[in-house]
Amino acid sequence: MAFDLSSIVTKLTTSDHASVVSMNLFVALLCACIVIGHLLEENRWMNESITALLIGLCTGVVILLLSGGTNSHILVFSEDLFFIYLLPPIIFNAGFQVKKKQFFVNFITIMLFGAIGTLISCTIITLGVSQIFKRMNIGPLEIGDYLAIGAIFAATDSVCTLQVLNQDETPLLYSLVFGEGVVNDATSVVLFNAIQSFDLDQIDSSIALQFTGNFLYLFLTSTLLGVLSGLLSAYIIKKLYIGRHSTDREVALMMLMAYLSYMLAELCYLSGILTVFFCGIVMSHYTWHNVTESSRVTTKHAFATLSFVAEIFIFLYVGMDAMDIEKWRFVSDSPGTSVAASSVLLGLVLLGRAAFVFPLSFLSNLFKKSQSEKLSFRQQVIIWWAGLMRGAVSMALAYNQFTMLGHTQLRTNAIMITSTITVVLFSTVVFGLMTKPLIRLLLPHGPHKITSSMVSTDPSTPKSFSVPLLGSAQESEVDIGVNEIHRPSSIRALLTTPTHTVHRLWRKFDNAFMRPVFGGRGFVPVEPGSPSERNGHQWT
């Protein structure tokens, strides 16, 4: 008995030691990614996401060789780790740092691309694989699998978009592609979950109506939960003024309430991505202005740092897991089938995105009054190209559908997993590498450069400056705060400038009802002797 107990303790100790070694190596690789990313900052081709992916691949190859072909990674890809720990800080920071005026000016176009476009892409991919895969001897796939594949590969990689597009150099493209990416990811996850929850053996009109109703319910309730969570945090911090005793408590409360909104959404089977994104937007509009100045600086950099580390972690993680020998062993007897499946999926991704970007851009342009607000064909090509990258969301959904706890013993499932890995690697590296040169080629005169006149010292957003979204035709967020938008003189004028009309009405409502209750810019508790007290901020 003593011998058995000691052997168990020895095994546990060995296991703990292996975990410590793995974590040490992974943290060292994260540091290497950051350093190498810094050295490649000026490179016109590379970015940190691609760097992390390639380092992960190289590390996987080295481990595979050292282990004699038996093991290739130090951490197994886990969808729970991805969705619960890594994705929330990235999406929250995206909402927290987003230039709200720019996002909502293009809100209709973003929703067209992110929601309607995702449905179109999902439909095309589903129809394509259901027809082609049946002729390729891939194996038994049911209609639920085909629909799931559509949802998996309709999910763009908004994380990589953050890396390849620059918010200050190409603000319109960044706003559209990134905004679409967040809505797209949420739509894809909602679609995927809806597919899982329905009996698809008998599809009829009632199932389609239930599916649509369920989708709209998840979309709206997730957004509402995020808004309410952000407002609650603003109200608590404004009323209690926690910063007078401890700025650490302010920062901790903001972080925990943001994370709580995500977990509440997951607990209620809603979309945590949408919830935490809109929670970030509301927190930046109200909560951030209710904390002390030192807490503002801390939260801005803390959220950005957490997001940055999570992004690098994900790409390193995906790159390393791509060399998992277990999955590739199942398709080693028919590598041509796996390559063919990957090629078909990649082609359908290209086709599915083109099928909605160009028609919906044309539709969006019909409602734009100014020529400078309309999307040119070159800009449409960049939007199409920048959204072709597939990433960790696709990986996580594929693992959910085709593996059990990260492992699979079925050839069909192994082909789908390896095909997903191939599409993710190819699209991220090839399309990601070519995005910056493509922007320089199609927009040779370059984007608007930041000038000193664009820099704002007014802490109206967590960003340190604001730039025009649509060039000289549109005002920056700061300018709009100073110059009130003129009231439309007729119904025709109202219909031709709906965004400006809604913004003007929202400002009136916000100033009259929301800010007195939830705080916001101009309603910041003042620390004795602080710059805020000396400047005497007033309501705007």
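Residues numbered from 1 in each chain as written. Predicted model: local features only at pLDDT ≥ 70, side-chain atom pairs only at ≥ 80, totals over all residues. Heavy atoms only, no water.

**Some words on the overall build of the chain**
Phase 1: Each helix and strand in the chain was counted, giving 21 helices and 0 strands.
Phase 2: Considering the chain as a whole, with its 540 residues, one finds that 54% of them fall into the buried category.
Phase 3: As presented, the chain carries roughly 24600 Å² of accessible surface, and 67% of it is formed by carbon and sulfur atoms. (Helix = DSSP H or I, 4+ residues; strand = E, 2+ residues; numbered from the N terminus. Buried < 20%, exposed > 50% of the residue type's maximum accessible area, 1.4 Å probe, protein only. Areas by Shrake-Rupley, 256 points an atom, 1.4 Å probe, with all protein chains shown as cover.)

**Considerations on the packing of helix H2 (residues 48-66) against helix H12 (residues 293-321)**
Phase 1: It is at 7 Å that the axes of H2 and H12 come closest, and there the two elements cross at 35 degrees. Our pair here, H2 against H12, has a crossing hand that is right-handed. Contacts between H2 and H12 involve Glu48, Ser49, Ala52, Leu53, Ile55, Gly56, Leu57, Thr59 and Gly60 from the first element and Phe308, Ile312, Phe315, Leu316, Val318, Gly319 and Met320 from the second.
Phase 2: Taken together, the residues that form the contact of H2 with H12 break down as 10 nonpolar, 5 polar and 1 charged. (Axes fitted to C-alpha atoms, helices over the stretch in contact; angles between N-to-C directions. Left-handed = near helix turned anticlockwise from the far one by under 90°. Contact = heavy atoms within 4.5 Å. Nonpolar A, V, L, I, M, F, W, Y, C, P; charged D, E, K, R; others polar.)

**Some points on the pattern of salt bridges**
Phase 1: One pass over the structure, following the stated rule, counts 2 salt bridges.
Phase 2: Between Arg353 and Glu180 there is a salt bridge, and its shortest N-O distance comes to 2.8 Å. In this pair, Arg353 sits in helix H14 (residues 335-366) while Glu180 sits in helix H8 (residues 171-197), placing the two residues 173 residues apart along the sequence. With respect to burial, Arg353 and Glu180 carry one shared label: buried.
Phase 3: Here Asp510 ties to Arg515 by a salt bridge, and the two come within 3.3 Å at their closest N and O atoms. Neither Asp510 nor Arg515 differs from the other in exposure class; each is buried. (Salt bridge = Lys/Arg side-chain N within 4 Å of Asp/Glu carboxyl O.)

**Re the state of the cysteines**
Phase 1: One pass over the full model with this rule turns up 0 disulfides.
Phase 2: Free cysteine Cys31: the closest other cysteine sulfur is in Cys33, separated by 9.2 Å. (Disulfide = S-S within 2.5 Å.)

**Here's the deal with the nonpolar core**
Phase 1: By size, the foremost hydrophobic cluster in this structure holds 129 residues, and its most contacted members are Phe133, Ile149, Phe277 and Leu316.
Phase 2: Discounting residues that sit within four places of it in the chain, Phe277 has contacts with Ile91, Ala94, Gly95, Phe103, Phe178 and Val182.
Phase 3: Counting 6 residues, the second-largest nonpolar core is a separate cluster that includes Leu231, Val282, Met514 and Phe518. (Core = buried A, V, L, I, M, F, W, Y, C linked by side-chain atoms within 4.5 Å.)

**Thoughts on the packing of helix H5 (residues 107-132) against H8**
Phase 1: Orientation of H5 relative to H8, taken along the N-to-C sense of each, is 45 degrees, at an axis distance of 8 Å. Accordingly, the angle class assigned to the pair H5 and H8 is oblique. Handedness of the crossing formed by H5 with H8: right-handed. Residue-level inspection shows Thr109, Ile110, Met111, Phe113, Gly114, Ala115, Thr118, Leu119 and Cys122 of H5 in contact with H8, the latter providing Ser175, Leu176, Gly179, Glu180, Val183, Asn184, Thr187, Ser188 and Leu191.
Phase 2: Each residue belonging to the contact of H5 with H8 can be placed in one class, and the counts come to 9 nonpolar, 8 polar and 1 charged. (Parallel < 35°, antiparallel > 145°, perpendicular 65-115°, else oblique.)

**Brief notes about the environment of Met255**
Phase 1: Within the fold, Met255 resides in helix H10 (residues 247-267).
Phase 2: Excluding anything up to four places from it in sequence, Met255 contacts Ala302, Phe303 and Leu306.

**Section: the confidence of the model for the chain**
Phase 1: On average, the chain scores 78 in pLDDT, and the residues at 70 or more come to 78%.
Phase 2: Per-residue pLDDT, averaged within each element of the chain, yields its smallest value for helix H18 (residues 477-482) (39) and its largest for H10 (93).
Phase 3: Here residues 491-495 scores under 50 on pLDDT; set against residues more than four positions off or in separate chains, the count is 3 contacts.
Phase 4: Under a pLDDT of 50 for its full length, residues 528-540 has, in the predicted model, 20 contacts with residues more than four places off or in other chains. (pLDDT = per-residue confidence, 0-100.)

**Observations concerning unusual backbone geometry**
Phase 1: We note that Tyr241 has phi near 40 degrees; this positive angle belongs to a residue other than glycine.
Phase 2: You can see Tyr241 is positioned in the loop between helix H9 (205-240) and H10.
Phase 3: One non-glycine residue, Tyr269, adopts positive backbone phi at about 60 degrees.
Phase 4: Structurally, the position occupied by Tyr269 is in the loop between H10 and helix H11 (272-290).

**Quick look at the side chain of Asp157**
Phase 1: Here Asp157 is to be found in the loop between helix H6 (143-154) and helix H7 (158-164).
Phase 2: Among buried charged residues, Asp157 stands out as having no salt bridge; its nearest opposite-charge side chain is Arg390, 8.5 Å away.
Phase 3: With residues near it in sequence (within four places) discarded, Asp157 still touches Phe315, Met389, Arg390 and Gly391. (Lys, Arg positive; Asp, Glu negative; His and termini not counted.)

**With respect to the packing of aromatic side chains**
The geometry of two aromatic rings is summed up by the distance between their centres and the angle between their planes.
Phase 1: According to the stated counting rule, one finds 23 aromatic pairs in the structure shown.
Phase 2: Residues Tyr174 and Phe178 carry aromatic rings whose centres are separated by 5.5 Å and whose planes lie at 25 degrees to one another, so their mutual orientation is stacked. In this pair, Tyr174 and Phe178 both sit in helix H8, 4 residues apart, roughly one turn of the helix. Phe178 matches Tyr174 in its accessibility class, with the two residues each being buried.
Phase 3: Look at Trp506 and Phe509: their rings are 5.9 Å apart centre to centre, the planes differ by 40 degrees, and that puts the pair in the tilted class. One end of the pair, Trp506, and the other, Phe509, are both in helix H20 (residues 498-518), 3 residues apart, so they sit about a helical turn from each other.
Phase 4: Overall, the relative accessible area of 34% leaves Trp506 in the partly exposed class. (Phe/Tyr/Trp six-rings, centres within 6.5 Å; stacked < 30°, edge-to-face > 60°.)

**Describing H10**
Phase 1: Here H10 is 21 residues long and its end C-alpha atoms lie 30 Å apart, about the 30 Å a rise of 1.5 Å per residue gives.
Phase 2: Glu250, Val251, Met254, Met257, Ala258, Ser261, Tyr262 and Ala265 are the residues of H10 that are buried. Buried residues of H10, seen end-on, are gathered within an arc of 135 degrees and therefore sit on one face of the element. Those residues of H10 that are exposed and aimed more than 90 degrees away from the buried face are Asp248, Arg249, Leu256 and Leu267. (Expected span 1.5 Å × (residues − 1). Arc of directions from axis to C-beta.)

**Brief notes about the environment of Glu311**
Phase 1: By the secondary structure assignment, Glu311 is in helix H12.
Phase 2: Judged by relative accessible area, which is 7%, Glu311 ranks as buried.
Phase 3: When the C-alpha atoms of Glu311 and Ala392 are compared, they prove to be 9.9 Å apart, with 81 residues separating the residues in sequence.

**Notes on H6**
Phase 1: Taking 1.5 Å per residue as the helical rise, H6 with its 12 residues ought to reach 16 Å, and the 17 Å between its terminal C-alpha atoms agrees with that figure.
Phase 2: Among the 12 residues in H6, 10 count as buried, and that is most of the element.
Phase 3: When we look at burial in H6, the residues that qualify are Gly144, Asp145, Tyr146, Ala148, Ile149, Gly150, Ala151, Ile152, Phe153 and Ala154.
Phase 4: Those residues of H6 hidden inside the fold are in contact with H5, H8, H14, helix H16 (392-402) and helix H17 (411-442).

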